[in-house]
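What follows is the residue order along each chain.
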Amino acid sequence: MTRNEMTSLERTLATLSHKEPDRVPLFLNLTMHGARELNQPIKTYYAEARMVVKGQEILRKKYGHDCLTGFCYGAAEVEAFGGSTLFFDNGPPNAGSPPIRDLEAISSLEVPDPRDCPPLLRMLETTRTLADRYGDSVPVAGVAISPFSLPVMQLGFSRYLDLLLSDDPIFRSLMEVNKAFCTTWANLQIEAGATAVVYFDPVTSPTIIPPDLARKTGLPIAREMIRSINGGVVYHLASGRSLAIADDLMESGAIGLGVSALEDLSVLKERFAGKMTLIGNLDGVSMRRWSAPQAEDEVRAALSKAAFGGGFILSDNHGEIPWQVNDSIISAIAEATRTYGRYPIV
Amino acid sequence: MESEEPVSPVYALESALLESDRIRAREILRTFCRPDDPYGCISGLIEPALRSIGERWSEGAAALSQVYVSGKICEEYIRGLPATPAGIRPDQPVIGIAVLEDFHTLGKETVKTALNASGYRVKDYGAGLTVTVLLDLIKQDEIEVLFLSTLMLRAALAVRQLMDAIREEGLSIRVIVGGAPFLFDEDLWKEVGSDAFAHDASEAVSMVSEDTE
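The model shown is predicted, which means the values in this text are computed figures rather than measured ones.

Regarding the packing of helix α2 (residues 22-32) of chain B against helix α3 (residues 38-59) of chain B
All names here are of chain B. Where α2 contacts α3, the two axes come as close as 11 Å, and the packing angle between them is 135 degrees. One element, α2, and the other, α3, form an angle in the oblique class. As for how α2 packs across α3, the hand of that crossing is right-handed. Residue-level inspection shows Ile28, Leu29 and Phe32 of α2 in contact with α3, the latter providing Cys41, Leu45 and Ile46.

Some words on helix α4 (residues 64-79) of chain B
For α4 of chain B, which comprises 16 residues, the first-to-last C-alpha distance of 22 Å matches the rise-based estimate of 22 Å (1.5 Å per residue) to within 8%. Most of α4 of chain B sits inside the fold, with 14 of its 16 residues counted as buried.

Structural notes on the side chain of Lys112 of chain B
All names here are of chain B. When you line up the elements, Lys112 lands in helix α5 (residues 106-117). Within the structure, Lys112 has its side chain in polar contact with the side chain of Asp124 (distance 2.9 Å). Apart from residues lying up to four places away in sequence, Lys112 is in contact with Ile97, Val122 and Asp124.

Brief notes about the domain arrangement of chain B
All names here are of chain B. You can read the domains of chain B as domain 1 (9-79) and domain 2 (95-212). On a C-alpha basis, the centres of domain 1 and domain 2 stand 23 Å from each other. Contacts between domain 1 and domain 2 engage 18 residues on the former and 16 residues on the latter. In this assembly, domain 1 packs against domain 2 so that about 1300 Å² is buried in total across both faces, 68% of it on carbon and sulfur atoms. On inspection of domain 1 and its partner domain 2, the count reaches two residue pairs in polar contact (both at pLDDT 80 or more). Those elements that provide at least two residues to the side of domain 1 that touches domain 2 are α3 and α4.

Observations regarding the layout of surface pockets
There is about 270 Å³ of room inside the second largest pocket. Lining the second largest pocket we find 13 residues, and of these Leu165, Pro210 and Leu213 of chain A together with Glu19 and Ser20 of chain B sit closest to its centre. Taken together, the elements giving at least two residues each to the lining of the second largest pocket come down to α8 (157-165) and α10 (211-216) of chain A together with α4 of chain B. For the lining of the second largest pocket, the residue count by class is six nonpolar, three polar and four charged.

Some points on unusual backbone geometry
Residue and element names in this part refer to chain A. In this structure, Asn281 follows Gly280 across a cis peptide bond, with omega equal to -20 degrees. Its place among the elements puts Asn281 in strand β9 (residues 277-282). With an omega dihedral of 0 degrees, the bond running from Tyr343 to Pro344 counts as a cis peptide bond. The residue Pro344 is located in the segment after α16 (327-340) in this model.

A word on the state of the cysteines
One pass over the structure, following the stated rule, counts one disulfide over all chains. Here Cys33 of chain B is linked by a disulfide to Cys41 of chain B, with a sulfur-sulfur distance of 2.1 Å. Its S-S torsion of about 60 degrees marks the bond between Cys33 of chain B and Cys41 of chain B as right-handed, since a negative value means left-handed. Neither residue differs from the other here; Cys33 of chain B and Cys41 of chain B are each classed as buried. Cys72 of chain A takes part in no disulfide bond, and the closest cysteine sulfur, belonging to Cys117 of chain A, lies 11 Å away.

Details of the pattern of salt bridges
Pairing between side chains of opposite charge can happen when the charged atoms of each approach one another. Scanning all chains against the criterion turns up 35 salt bridges over all chains. As a salt-bridge pair, Glu5 of chain A and Arg11 of chain A come within 3.3 Å of each other at their nearest N and O atoms. When its relative accessible area of 54% is taken as the criterion, Glu5 of chain A is described as exposed. In this structure, Lys139 of chain B and Glu169 of chain B form a salt bridge, with 2.8 Å as the shortest nitrogen-oxygen distance. You can see Lys139 of chain B sitting in helix α6 (residues 131-140) and its partner Glu169 of chain B sitting in the loop between α7 (153-168) and β4 (174-178), a full 30 residues away along the chain. Here the residues in one salt-bridge network are Glu5, Arg11, Asp22, Arg23, Asp66 and Arg342 of chain A, joined through shared partners.

Here's the deal with the sheet that holds strand β2 (residues 68-69) of chain A
Residues and elements named next belong to chain A. Ordered in space as β1-β10-β9-β8-β7-β6-β5-β2, the eight strands form an open sheet in which the pairing is parallel. Strands at the two margins of the open sheet, each flanked by one partner only, are β1 (26-27) and β2. The sheet contact formed by strand β5 (residues 140-145) and strand β6 (residues 196-200) spans five bridges and is parallel. Residue Val143 lies in a different strand from β6, and its bridge partner there is Val198.

A closer look at the side chain of His104 of chain B
Mapping His104 of chain B onto the fold places it in the loop between β1 (95-99) and α5. Ignoring any residue separated from it by four or fewer positions in sequence, one finds His104 of chain B in contact with Asn94, Val152 and Met153 of chain A together with Val99 and Leu151 of chain B.

Considerations on helix α4 (residues 49-63) of chain A
All names here are of chain A. Between its first and last C-alpha atoms α4 spans 21 Å; for 15 residues at 1.5 Å apiece the expected length is 21 Å, and the two agree. Residues of α4 that are buried: Ala49, Met51, Val52, Val53, Gly55, Gln56, Glu57, Leu59 and Tyr63. Buried residues along α4 sit in contact with α2 (33-37), α3 (42-46), β2, α6 (118-134) and α16. Phi for Gly64, located one or two positions after α4, is positive at around 65 degrees.

Let's talk about the nonpolar core
Judged by nonpolar contacts, the single largest core of 155 residues is most densely connected at Tyr235, Phe312 and Ile333 of chain A together with Ile46 and Phe147 of chain B. It is helix α9 (residues 169-191) of chain A that provides the largest number of residues to this core, a total of eleven residues. Domain assignment of the residues forming this core places at least three in each of domain 1 (9-79) and domain 2 (95-212) of chain B. Not counting residues up to four positions away in its chain, the partners in contact with Phe312 of chain A are Thr15, Val24, Pro25, Leu265, Lys269, Thr277, Leu278, Gly280, Ala302, Leu303, Ala306 and Ala307 of chain A. Tyr125, Leu135, Leu153 and Val192 of chain B belong to the second largest nonpolar core, which has 28 residues in total.

Digging into the pairing of β9 of chain A
The side chains of a regular strand alternate, residue by residue, between the two faces of the sheet. Residues and elements named next belong to chain A. Of all six residues in β9, six are buried; the element is thus mostly enclosed. Relative to β9, strand β8 (residues 256-258) runs parallel, the two being bridged by three bridges. Within β9, the residue paired with Gly258 across the bridge is Ile279. Handedness of the β8-helix α13 (residues 265-272)-β9 crossover: right-handed. Pairing geometry for β9 and strand β10 (residues 312-316), over five bridges, is parallel. Paired with Asn281 across the bridge in β10 is Ser315.

Section: the packing of aromatic side chains
All names here are of chain A. Tallying each qualifying case throughout the model produces nine aromatic pairs over all chains. Residues Tyr45 and Tyr46 carry aromatic rings whose centres are separated by 5.5 Å and whose planes lie at 45 degrees to one another, so their mutual orientation is tilted. Take Tyr46: its relative accessible area is 2%, and that puts it in the buried class. Centre to centre, the rings of Tyr46 and Tyr73 are 5.2 Å apart; their planes meet at 50 degrees, and the pair counts as tilted. Here the residue Tyr46 occupies a position in helix α3, and Tyr73 occupies one in the loop between β2 and α5 (75-79), the gap between them amounting to 27 residues. Overall, the relative accessible area of 5% leaves Tyr73 in the buried class. Grouped by ring-pair contacts, the aromatic residues Tyr45, Tyr46, Tyr73 and Phe87 constitute a single cluster. The ring of Phe308 has Lys269 lying over it, and the distance from NZ or CZ to the ring centre is 5.0 Å.

Basis of the calculations
- Residues numbered from 1 in each chain as written.
- Chains lettered and ligands numbered in written order.
- Predicted model: local features only at pLDDT ≥ 70, side-chain atom pairs only at ≥ 80, totals over all residues.
- Heavy atoms only, no water.
- Axes fitted to C-alpha atoms, helices over the stretch in contact; angles between N-to-C directions.
- Helix = DSSP H or I, 4+ residues; strand = E, 2+ residues; numbered from the N terminus.
- Parallel < 35°, antiparallel > 145°, perpendicular 65-115°, else oblique.
- Left-handed = near helix turned anticlockwise from the far one by under 90°.
- Contact = heavy atoms within 4.5 Å.
- Expected span 1.5 Å × (residues − 1).
- Buried < 20%, exposed > 50% of the residue type's maximum accessible area, 1.4 Å probe, protein only.
- Polar contact = N/O pair within 3.5 Å; in protein donor to acceptor, adjacent residues only side chain to side chain.
- Domains from an automatic or database assignment.
- Buried area = accessible area lost by both parts, 1.4 Å probe.
- 1 Å grid on protein atoms, 1.4 Å probe; cavity = no way out; pocket = protein on both sides within 12 Å on 5 of 7 lines; lining within 4 Å.
- Points joined across faces, edges and corners; volume = space filled by probe spheres on them.
- Nonpolar A, V, L, I, M, F, W, Y, C, P; charged D, E, K, R; others polar.
- Disulfide = S-S within 2.5 Å.
- Salt bridge = Lys/Arg side-chain N within 4 Å of Asp/Glu carboxyl O.
- Pairing = 2+ DSSP bridges.
- Core = buried A, V, L, I, M, F, W, Y, C linked by side-chain atoms within 4.5 Å.
- Right-handed = clockwise from strand over helix to strand, strands pointing away.
- Phe/Tyr/Trp six-rings, centres within 6.5 Å; stacked < 30°, edge-to-face > 60°.
- Lys NZ or Arg CZ within 6 Å of the ring centre and 35° of its normal.

Below, the structure written as structure tokens:
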């Protein structure tokens, strides 16, 4: 029996409710590829909300996937703290040198207003436009970097780990500032019409810190943040592992979880079934060298492991498909999802 | 029930390092290492412990922060030992380390501390380097082994340009890459023309050891 065709939003909401929709939703996290479609350098593309809107529209029309996003690049959040962004023609913008050079300065650090930061304002404008145009039929994803992971760009990774592991009160001061910022930023996106916010928190992953430490730091912060965000939240560990903190993630209040290609999707499904919708876990890095038949195989393997019963959105495992992945492979992923992702999956 | 089997010094050190127990780790090192034989301490105790922790990380059984802190604790101990003017490790190559193009330095710091903890001296070129700048630096310092850390795929692919330039200029430099893109795509290090890929810091150290033994 063929199920009635759902809108992308209906499809996504059904799977988030752990029910089988008409077919498995596909989230292609194409933040940069719109620039290619519009024949613009990435930096120019990101400089105007109307271009990102156009890029998102073209990409969705081209691939028929199930989400839109106003998110452009993570380094924008650090710009609010005085940081800089480095742009490249063939990859995502990256945070420049960490803006907090003196740890003592943290005690007097003020919470910046995201509305004073031009790239964040542009993301809000993009989100608002996409939500106005498509929000009743397509999920529009917002993104907020967790207060616990943002210091990787604010301080640099090793300096942040030194601070985190030293149990210094400065760490707690920084978290207070970042929590206030994160809540404001996430809620601005919800107010602009984002369907849900992706809470991007790689440092809490067992890949980066031990579960015991995560339970004292990143996880309680996440629970607090998720409660303070006035909308649905998806927890994303950005390719990091999750199984060792599975119970904690399920208690975090998040409705979905971005899962890693480093972990077996069957095991993840068994662990999170009925509790959190899994989003993933196609490996974006190796995707670059896939052939179209291989893309189809990868999609079918993921579907067979995690699609049954709903609670699954097919996506990449990092939250961003690399610039180097060819359009033909993205098309093959989309086509295979439409062909083999239709419920009931056999 | 507690086991009555005696715990090996390597296992004891590894346990202390995994718990970031600096005091216990130093006690173990002081107990089992002879100050007049730092190299023996490195090869018999520190390297095996760090190698095991690195393997745990590769398997998902340890966190990157544990690898990083373990290296730092051992490095601190080694730095406190008397060394000959030539350094602790005899016949070591000229080693450089850098982050290509971005500012995520944790991988570099982790490998550097593990190398230092293993008695190697390392020229640290920092982060955010372009291929052109890095090439000038490694030529100027006559680097023989270069460790390159990358986080972004784009930066990993840029290693190709560096390798082409190294070969074009006929330089004899062994380039060992590491970082997330290489972990996810295990053929990438060959594609970019590098000489080797280290999954973790201890494997990086063993690759220099192989060269010098």
